[in-house]
Amino acid sequence: MTPVIGHYGGYRKTLSFGLTCLVYHATTTFCRRNYNYQNDALGKTVGQMVGAARSARQNIVEGSSRAGTSKETE
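Heads up: these notes are all about the structure in this document. Predicted model, so just to flag it, every value in this text is computed and none were measured.

Reading the values: the criteria
Residues numbered from 1 in each chain as written. Predicted model: local features only at pLDDT ≥ 70, side-chain atom pairs only at ≥ 80, totals over all residues. Heavy atoms only, no water. Helix = DSSP H or I, 4+ residues; strand = E, 2+ residues; numbered from the N terminus. Buried < 20%, exposed > 50% of the residue type's maximum accessible area, 1.4 Å probe, protein only. Contact = heavy atoms within 4.5 Å. Areas by Shrake-Rupley, 256 points an atom, 1.4 Å probe, with all protein chains shown as cover. Expected span 1.5 Å × (residues − 1). Core = buried A, V, L, I, M, F, W, Y, C linked by side-chain atoms within 4.5 Å. Patch = residues over 30% accessible without salt bridge, like charges linked within 9 Å, V, L, I, M, F, W, Y side chains within 5 Å. Salt bridge = Lys/Arg side-chain N within 4 Å of Asp/Glu carboxyl O.

Some thoughts on the overall build of the protein chain
Helix and strand counts for the protein chain come out as 2 helices and 0 strands. Residues classed as buried in the protein chain amount to 24% of the 74 residues present. Restricting the contact set of the protein chain to residue pairs at least 6 apart, pairs at least 24 apart contribute 56%. Counting only carbon and sulfur atoms, one obtains 56% of the accessible surface of the protein chain, whose full area is about 5,700 Å².

Below, the structure is given as structure tokens:
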């Protein structure tokens, strides 16, 4: 059986990584178009939405890098 994600770097070819990139770009575009920074002085709404989308993408990257060292931490 071949591993889904090989040693570090194979995550870019997975469907889940592509989908999270799409969600991240769609979220940033949505926030740029629909939220005005003057109305949200602290930027909490936009910051939380973009941060959550960025975090999902980053978790895939970190999981892939850990796959090269140990299956337990992956």
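There is more to say, and it comes next.
Here we look at the side chain of Thr20
Position of Thr20 among the secondary structure elements: in helix H1 (residues 15–34). If we skip the residues at most four places from it in the chain, Thr20 touches Ala56, Arg57 and Ile60.

Quick notes on the environment of Val46
By the element assignment, Val46 lies in helix H2 (residues 44–67). By relative accessible area, which is 7% here, Val46 ends up buried. Distance in space between the C-alpha atoms of Val46 and Asn36 is 9.2 Å, their sequence separation being 10 residues.

Focus: H2
End to end, H2 covers 34 Å across 24 residues, agreeing with the expected 34 Å (1.5 Å per residue, within 8%). Taken residue by residue, H2 has Val46, Val50, Ala53, Ile60, Val61, Gly63, Ser64 and Ala67 as its buried positions. In this structure, the buried residues of H2 make contact with H1.

Observations concerning the side chain of Thr27
Its location among the elements puts Thr27 in helix H1. Overall, Thr27 belongs to the buried group, its relative accessible area being 14%. Setting aside anything within four residues of it in sequence, one finds Thr27 in contact with Met49, Val50 and Ala53.

Quick look at the nonpolar core
By size, the foremost hydrophobic cluster in this structure holds 5 residues: Tyr11, Phe17, Cys21, Ile60 and Val61. For this core, the secondary-structure elements that each account for two or more residues are H1 and H2.

Overview of a nonpolar patch on the surface
Taken together, the side chains of Leu19, Leu22 and Val23 present a nonpolar region at the surface, about 290 Å² in accessible area. Along the chain, Leu22 turns up in helix H1. Classification of Leu22 as exposed rests on a relative accessible area of 55%.

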